[in-house]
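Structure assessment
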Number of protein chains: 4
Amino acid sequence: MIITLKKNAPKHEVEKLIKQFENQGLKVNLITGENYNVFGLVGDTAKVDERRIQANEWVENVQRIAAPYKLANRMFHPEDSIIDVRGIKIGGNEPIVVMAGPCSVEGKTMIENIAQEVKEAGAKMLRGGAYKPRTSPYAFQGMQSEGIKCLVNARNKTSLPIVTELMSADKIDEFVENVDLIQIGARNMQNFDLLKAVGKINKPILLKRGLSATIEEWIMSAEYIMASGNPNVILCERGIRTFEKYTRNTLDVSVIPIIKEKTHLPIVIDPSHATGDWKLVEAMSLAAIAAGADGLIIEVHDQPDCAWSDGAQSLKPEKFARLMKKAKAVANAIGREI
Amino acid sequence: MIITLKKNAPKHEVEKLIKQFENQGLKVNLITGENYNVFGLVGDTAKVDERRIQANEWVENVQRIAAPYKLANRMFHPEDSIIDVRGIKIGGNEPIVVMAGPCSVEGKTMIENIAQEVKEAGAKMLRGGAYKPRTSPYAFQGMQSEGIKCLVNARNKTSLPIVTELMSADKIDEFVENVDLIQIGARNMQNFDLLKAVGKINKPILLKRGLSATIEEWIMSAEYIMASGNPNVILCERGIRTFEKYTRNTLDVSVIPIIKEKTHLPIVIDPSHATGDWKLVEAMSLAAIAAGADGLIIEVHDQPDCAWSDGAQSLKPEKFARLMKKAKAVANAIGREI
Amino acid sequence: MIITLKKNAPKHEVEKLIKQFENQGLKVNLITGENYNVFGLVGDTAKVDERRIQANEWVENVQRIAAPYKLANRMFHPEDSIIDVRGIKIGGNEPIVVMAGPCSVEGKTMIENIAQEVKEAGAKMLRGGAYKPRTSPYAFQGMQSEGIKCLVNARNKTSLPIVTELMSADKIDEFVENVDLIQIGARNMQNFDLLKAVGKINKPILLKRGLSATIEEWIMSAEYIMASGNPNVILCERGIRTFEKYTRNTLDVSVIPIIKEKTHLPIVIDPSHATGDWKLVEAMSLAAIAAGADGLIIEVHDQPDCAWSDGAQSLKPEKFARLMKKAKAVANAIGREI
Amino acid sequence: MIITLKKNAPKHEVEKLIKQFENQGLKVNLITGENYNVFGLVGDTAKVDERRIQANEWVENVQRIAAPYKLANRMFHPEDSIIDVRGIKIGGNEPIVVMAGPCSVEGKTMIENIAQEVKEAGAKMLRGGAYKPRTSPYAFQGMQSEGIKCLVNARNKTSLPIVTELMSADKIDEFVENVDLIQIGARNMQNFDLLKAVGKINKPILLKRGLSATIEEWIMSAEYIMASGNPNVILCERGIRTFEKYTRNTLDVSVIPIIKEKTHLPIVIDPSHATGDWKLVEAMSLAAIAAGADGLIIEVHDQPDCAWSDGAQSLKPEKFARLMKKAKAVANAIGREI
């Protein structure tokens, strides 16, 4: 950690600061510049609060050198983490895992049929929302427990593991019992109580990036789950909020190589929520695979214009099947299976 | 609601759509353009899901005319809502309410002393975090229940109502019993289960804007609380995330006149979190008052460089007192009291 | 174009507006809603100024239906434009064109050597900055005319067409005489006088997207060039400015399918400027190809840590050659050549 | 400047780097940490290219300590710069200067009348666009030279100095001869050739912040003008581009105290372009004054709904007069005149 002091900082203030850091077990190196004095702190700075240091009126700037995350950090865990979701492995050089299904579960037969269709096209997991975060209180809020049952039934019929979103810690038991991969949605990425709660179970967690979360904040949310005891975290990029209006969000494809450099966790891309437009899903899926994604999560619906939510971004099953064929070709081109 | 169809949409598709809308009790008007056909829907469109319509492959564009919120909408509730927080009124032409105190409660004596100091300077409520949302799992997480007790003690000594953040629905009883104004933090602005939970009580709620929430999404979160039964919502702007690096966030002062135009709810500004820098707090506070804010929430700490969180943005009590004097002058200049 | 009036708009104001539009040769349809009145305008609305209409105090909202661009619009020009750059064709189903070379031209031998190396690896054009836009007035501003001569010499030796940036209209003659593909940089995307100037020549133009330009604004800048008489426009995405800090900019891969849907122009991706980090260039290049890009423009330098500008994002020739091999595999996987 | 090396950087690479910096006359201090080695560079680092250093594969991170600007830097020029525009002084403790007038000059009588009206209300300068940057090539491009003549005539009648935008270096003579304050528009903030050109004259320059320019980039553009020889720069904030849709841009009021801390230049606010909505202009004007702005630039038009450009953000003269009264009260409250 590097701390810049104003040049005119009084000597006793500088000494007070040095003593303060030494008391925390850190070694302090001082560099005297022309207009500034600079401290370098050596040691375990993860627990040092940079905002508190910045509060000192003689401090111009504080710069962290070491990343603030440890358990997720590839530096301390060089090999890829491979997460097992009811027998499906994701991460490392495992085949790319495609999760597909409707935005919302709309009934037992409906989800069973779609599960069958996406399985035939090559999907390895079934997605479907039972508890739905909706911007409007007047919009459909999901089938909830009934929806979970429909997913379980579809899994029984197809043996596809199921992934669905948990919105509240008081439903954890239901999810641990029934769900194979528990999704934490973008809007709850910094719902820290929920992160701590899923850190205490050992089911795999699919952690979506918040709409305006930096990559570092996102990794820190993974760190919350891991620090609470659950190492089974899969990261999922679903688009960030920018000024652009032609897409619902901007898919940040560059997170793929960055996450692989900074962490050892698998990275999955959600092109459906990222773009909000089914016409863009195929191109973005192929881009994600070419860039090295470990998985995709894609919305598929038999009748998008009758979907109970987010029809605009859902693929029809035949378009999904076409996408899967192209996805395989691109995966093979970069030396991976799907 | 205005729906644009591609010019080459087959007649039976157009008729199918018209029938679909009429079945929802809407009147449909058709405008035939050169390159597009446009529908206008008249009636209660709040329940119409625009994303589902967009899923239709013949639909080019869907545009909502009426705002998606009703209970918060000034159109249907022209007079200002004035919220009563343990006898302190906020909103309308009531005096501007300043809430002040430390980022985190750090102990009984500490919060009692600061409460006394901010009261003397003219603050009307005491703020202080007991449950703290922190980006890092390794950072101080707040004194929690102990912190709530310290706040209650400070209220007993100063009679200042207290405002503090609720992070999880399972602590609601503790908050209803002890806290006067319950804050929903920026990171939980779309934690819909928490919004529904605080909608079932009738304590006033301070709803902070999410880091990248549009004004419309923010009002929709207020609508969630109101639709669940609690009309006592105060909105709080705390800066939005932009590309700028010299400030922690960008304070969006223009929300003040916008919120007053679109809704009837009071609007409070948090210049401390918005800027992240105590040196900017005074200027931003005065700007907020000049623009018509109903209140301010400001971080004050005796020793910012020893603060357990966010010292960098905390004012010392003497600087806060100076700010209050200037704030009164500006308030008077626009015809308000403080 | 759809215009929403406030419900209480006086009748004579409504009639005045209707007359005003009819005088512009537009047909007006009126839809009366519960809380609003809505006009639909039919006819050539490209010349209607929506901001002037919005100035009317009874107008709530103005929504354009037809895109504001015509010459670039695929609706009126369904087949792909293929641009010829000194014999190299780009766009449609032509082979993907890779342009490569250093950020700045640093000397005759240097650029000649790199030209040779990138040609051997498969590049079809040579890039290199002669006039350099730099944030700091104290930074190297490019070799200027001398740099252009070095590029011409390298073309003579390798027969690679050359692409370089034009910063000011007073250098147009030099560029028309010497340069094959004239780049308009991101910072000049809305330098309208420069756009008009390059619209009057018929050399191909590589129009980079501005750092915070919407896709629509970017297409409108292409429209400026085309409306001035030059149809030879190639669009180039180079990353947009977002809140993320781990990358210099965020590469918006989704522009590829969007540009292909909305316009008939070729689209090229610049992964070097988009990411600012050579370690990310390969993954982003492959993503761009998989998503359907017509070309790439990549920075290559023999000794990046001695580069006179932007070394951090330059690939060494051997890494570029490796990228080209992978790029070919991905291109083939989606049925294209490189 | 602080440079972080990877821990495993070979010794000869470290020594090579040290030698390289020492050859540039810099003193190098090395701090050895647990996972990183850190260099501190002491000396004149303004000319060091951080991107070149970052290109070294052993370098993890480069952090500049000293600001990259010198002439604009308050550290080296502590007293406020006061700029004289044809006798009107702006900056320091001078009275706040309000510039007002239409977006576009639309004719001799029109601009003369508005000039008279804004003067009566208290404006000290006249604004009006003659050369107009427009997103669409089909929109009105300004009266150009004819418009300049109309402005000069209005100045003759009212003795208000005139401010208008220069879009291209080839019109500089016309501007030097006729215009009192030369505006560089947001879209040209990094048109470096234009910045250099206006740096060679000594007329005052009003430099608008780019739509997505960081404060540092904006100051660097001022530095361009100053380094070319013209110290008479006034900065103008006109809103930045964010995700918010209810306003055209987001006015960043916090630049006011920041510009005053970092530089010695005057700061002017443009609430009309920032918000794009006349209903918000009054509140934002008062906010700017309360926060310490040295001036305002406001669009005023007799008939906004007939304005040839940007009517939506223009105030009618009577509303402008009302704003001026309130502005005086707020200015007085913070101890300034208007």
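What comes next is a walk through the structure.

Basis of the calculations
Residues numbered from 1 in each chain as written. Chains lettered and ligands numbered in written order. Predicted model: local features only at pLDDT ≥ 70, side-chain atom pairs only at ≥ 80, totals over all residues. Heavy atoms only, no water. Least-squares fit on C-alpha atoms with pLDDT ≥ 70 in both. Contact = heavy atoms within 4.5 Å. Buried < 20%, exposed > 50% of the residue type's maximum accessible area, 1.4 Å probe, protein only. Helix = DSSP H or I, 4+ residues; strand = E, 2+ residues; numbered from the N terminus. Pairing = 2+ DSSP bridges. Right-handed = clockwise from strand over helix to strand, strands pointing away. Disulfide = S-S within 2.5 Å. Axes fitted to C-alpha atoms, helices over the stretch in contact; angles between N-to-C directions. Buried area = accessible area lost by both parts, 1.4 Å probe. Salt bridge = Lys/Arg side-chain N within 4 Å of Asp/Glu carboxyl O.

1. Here's the deal with the relation of the copies chain C and chain A
- With an RMSD of 0.0 Å, chain C superimposes on chain A once it is rotated by 180° and translated 0.0 Å along the axis. Such a combination of rotation and displacement between the chain copies is what one expects of a two-fold axis. Scanning chain C for the C-alpha nearest the rotation axis identifies A287(C), at a separation of 1.9 Å.
- With an isologous cut-off of 70% or more, the 100% of interface residues of chain C that recur at the interface of chain A puts this contact in the isologous class.

2. Re the pairing of strand β10 (residues 181-184) of chain B
Residues and elements named next belong to chain B.
- Going residue by residue along β10, you find L181 and Q183 tucked away on one face and I182 and I184 tucked away on the opposite face as well.
- Summarising the sheet, strand β9 (residues 162-165) and β10 pair through 3 bridges and their orientation is parallel. Opposite V163, over in β10, you have L181 as the bridge partner.
- Viewed along the sheet, the connection from β9 through helix α5 (residues 172-178) into β10 turns out right-handed.
- Here 3 bridges tie β10 to strand β11 (residues 205-208), and the two strands are oriented parallel to one another. Across the sheet, the residue bridging to I182 is I205, located in β11.

3. Considerations on the state of the cysteines
- This structure, assessed with the given rule, holds 0 disulfides over all chains.
- Summary of cysteine pairing: C103(A) is not part of a disulfide, and the nearest cysteine sulfur, belonging to C236(A), is at 13 Å.
- Here C103(A) falls in the buried class, since its relative accessible area comes to 3%.
- Summary of cysteine pairing: C306(B) is not part of a disulfide, and the nearest cysteine sulfur, belonging to C103(B), is at 15 Å.
- Taking the relative accessible area as the measure of exposure, C306(B) reaches 35% and is therefore partly exposed.

4. Considering the sheet that holds strand β2 (residues 27-32) of chain C
Residue and element names in this part refer to chain C.
- With respect to topology, 4 strands assemble into an open sheet ordered β2-β3-β1-β4, the strand pairing being antiparallel. Two strands bound the open sheet, and with one partner strand each, they are β2 and β4 (59-63). Taking each pair of neighbouring strands and ignoring which way they run, the sheet shows an average axis angle of 20°.
- Bridge count for β2 against strand β3 (residues 36-42) is 6 bridges, and the pairing is antiparallel. Its bridge partner being in β3, T32 is matched across the sheet by N37.
- Seen against the sheet, helix α1 (residues 11-23) touches β1 (2-6), β2, β3 and β4 and runs at an angle of roughly 10° to β3.

5. A look at the interface of chain C and chain A
- Each partner contributes to the interface: chain C provides 36 residues, whereas chain A provides 36 residues.
- Approximately 2,900 Å² of surface area, both sides summed, lies buried where chain C meets chain A, with 75% of it carried by carbon and sulfur atoms.
- A per-residue breakdown of the area chain C buries against chain A is headed by F243(C), E244(C) and Y246(C), which together make up 22% of the total.
- Scanning the region where chain C abuts chain A turns up 2 salt bridges.
- When the shortest N-O distance is used, the salt bridge between R209(C) and E244(A) registers 2.9 Å.

6. Some points on helix α6 (residues 192-199) of chain A
All names here are of chain A.
- For α6, the buried fraction is high: 6 of the 8 residues fall into the buried class.
- Taken residue by residue, α6 has F192, L194, L195, A197, V198 and G199 as its buried positions.
- The secondary structure elements touched by the buried residues of α6 are α5 (172-178), β10 (181-184), β11 (205-208) and α7 (215-227).

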